[in-house]
Amino acid sequence: MIPVNEPLLDGNERIYLNECIESGWISSDGEFVERFEKAMAAYVGRRHAIAVANGSAALDVAAAGLKLGHEDEVIIPTHTIISCASAIVRTGASLRLVDSSQETWNMDVTKIETAVTSRTRAIMAVHTFGLPVDMTPLLNIAKRHDLVVIEDAAQAIGQTYNGARCGSFGEVSCFSFYANKHITTGEGGMIVCDDDALAARMRSLRNLCFKPEKRFVHDELGWNYRMSNLQAAVGLAQFEKLDTHIARKRELGQRYESLLRGVRGIELAPVSMSYAENVYWVFGLVLDDNFPIDADVARSILAEGGVITRPFFWPMHEQPVFLKQGLFNGESFPVAERLGRRGFYLPSGLGLSEEQQNRAVAAVRNMLAMFL
Ligand SMILES: *Cc1c(COP(=O)(O)O)cnc(C)c1O
């Protein structure tokens, strides 16, 4: 069996974890939390970094930190994880969805401006799978309409756009350290920003909004979204290996690319765009429209052969939870619908061996050959 993701924990993780255990600092009060925050802030060139329990929590705190509310609309890609949508919806704000680019699978930035209304407050840029969102046009639209940019860089730590690091573009930018991300803390996340007041507000929201001058008194509702020192210890050790992990992802992706490019029946993401080289967070493929089976069937055939894959995102406008609320009825975003039905990704973990990769490629070729 080839797992879809195997993390790589071969740095100082054990040493730092032992320090936590020996010192007794295991909650969020330990020093690794601050060290990890400082390292991340410096890496993306931001004034503030706030460690949180996971990437979804980072998005919740970002949305609440920006004081989004019932009056507001936020533009997000429909092809994304539910965390992006739920963070916005829970503030009372409305979603305006945008379709994907057929080429990069990211939000189609040429379709953003028509979604802007007098109520639009923010655009959320979500970098997916390995290429960044085309940020220049997005930032220009934000500037023209005085909109805030929220950046979800969960899959893009270490990636750049025109030489600037992903995570440096948002009023607030968010990261995840889930086990399949470029660096992991098992579960974990980080918020970065430059504004001092916003940072203070988000730190408070992360920590139940305890009043600094009077603990257990609250002006607002927050969350316990703190990251523990144990998680941050692993995070700092992983951070020290970030460049190695990025190089390894690119190596794995380029190897898949060279073995699968030109194979009939599938489309692959570009190796590079003018603004970035694919970092291959995961190696995705999309079955051609005339290929007779969809991603679910293809994935089950691959699973029978021991190759575990994951589907692409299912579009937000087709989520039962939102349709039940009467949202998005009759809206259609054909590229994202196609990606949801025909896209999936191959085993892409940092721990993947060459032999496992060869087997995964052979399984894909065999599966395609069954129908071509
Ligand atoms: C992983 C991920 C998240 C959520 O992070 P968790 O730590 O799993 O909560 C959010 N956005 C994107 C794009 C992700 O890939």
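Residues numbered from 1 in each chain as written. Predicted model: local features only at pLDDT ≥ 70, side-chain atom pairs only at ≥ 80, totals over all residues. Heavy atoms only, no water.

**Q** Tell me about the pattern of salt bridges, and name the residues and values.
**A** On inspection of all chains with the given rule, the structure shows 21 salt bridges. Residues Asp10 and Lys241 are paired through a salt bridge, measuring 3.4 Å at the closest nitrogen-oxygen approach. Residue Asp10 is found in the segment before α1 (13-23), and its partner Lys241 is found in the loop between α7 (229-239) and α8 (242-260); the two are separated by 231 residues along the sequence. Judged by its relative accessible area of 24%, Lys241 is partly exposed. Measuring nitrogen to oxygen at the nearest pair gives 2.9 Å for the salt bridge that ties Asp219 to Lys211. Because the salt bridges share partners, they merge into one network encompassing Glu37, Arg203 and Arg206. (Salt bridge = Lys/Arg side-chain N within 4 Å of Asp/Glu carboxyl O. Helix = DSSP H or I, 4+ residues; strand = E, 2+ residues; numbered from the N terminus. Buried < 20%, exposed > 50% of the residue type's maximum accessible area, 1.4 Å probe, protein only.)

**Q** Account for the side chain of Thr91, with residues named and values stated.
**A** Turning to its location among the elements, Thr91 is positioned in the loop between α4 (82-89) and β3 (94-98). Residue Thr91 is classed as buried on the basis of its relative accessible area, which comes to 16%. From its side chain, Thr91 meets the backbone oxygen of Ile88 in a polar contact 2.5 Å long. Once residues within four sequence positions are removed from consideration, Thr91 is found in contact with Ala63, Ala64, Leu68, Gly69 and His70. (Polar contact = N/O pair within 3.5 Å; in protein donor to acceptor, adjacent residues only side chain to side chain. Contact = heavy atoms within 4.5 Å.)

**Q** Explain the packing of helix α2 (residues 31-44) against α7 residue by residue, including any values.
**A** Two quantities define a packed helix pair, namely the angle between the axes and the distance from one axis to the other. Between α2 and α7, whose axes approach to 7 Å, the crossing angle comes to 40 degrees. For the crossing formed where α2 meets α7, the hand is left-handed. On α7, the residues that touch Glu31, Phe32, Val33, Arg35, Phe36, Ala39, Met40 and Tyr43 of α2 are Asn229, Ala232, Ala233, Gly235, Leu236 and Phe239. (Axes fitted to C-alpha atoms, helices over the stretch in contact; angles between N-to-C directions. Left-handed = near helix turned anticlockwise from the far one by under 90°.)

**Q** Hey, could you go over the domain arrangement of the chain for me, with residue numbers and the actual values?
**A** Taken domain by domain, the chain comprises domain 1 (13-99 + 107-239) and domain 2 (242-369). The distance between the C-alpha centroids of domain 1 and domain 2 comes to 25 Å. With 33 residues of domain 1 at the contact, the number on the domain 2 side is 34 residues. Summed over both sides, the interface between domain 1 and domain 2 buries roughly 2900 Å², with carbon and sulfur atoms accounting for 69% of that surface. In terms of surface lost to domain 2, no three residues of domain 1 exceed Phe129, Leu131 and His182, which account for 25% of the buried area on that side. At the boundary of domain 1 and domain 2, one finds zero salt bridges. Here domain 1 and domain 2 share 15 residue pairs in polar contact (both at pLDDT 80 or more) between them. If you list the elements that add at least two residues to the side of domain 1 that touches domain 2, you get β2 (73-77), α4, β3, β6 (160-161) and α7. Each residue belonging to the side of domain 1 that touches domain 2 can be placed in one class, and the counts come to 17 nonpolar, 13 polar and three charged. (Domains from an automatic or database assignment. Buried area = accessible area lost by both parts, 1.4 Å probe. Nonpolar A, V, L, I, M, F, W, Y, C, P; charged D, E, K, R; others polar.)

**Q** Talk me through the pairing of β2; I want residue IDs and the actual numbers.
**A** Of all five residues in β2, five are buried; the element is thus mostly enclosed. Neither face of β2 is exposed, since Glu73, Ile75 and Pro77 on one face and Val74 and Ile76 on the opposite face are all buried. Judged from the five bridges that link them, β2 and β3 form a sheet pairing that is parallel. Bridging across to β3, Ile76 finds its partner in Leu97. For the segment spanning β2, α4 and β3, crossover handedness is right-handed. Strand direction decides the pairing type here: β2 and strand β4 (residues 120-126), joined by three bridges, are parallel. Opposite Ile75, over in β4, you have Ile123 as the bridge partner. (Pairing = 2+ DSSP bridges. Right-handed = clockwise from strand over helix to strand, strands pointing away.)

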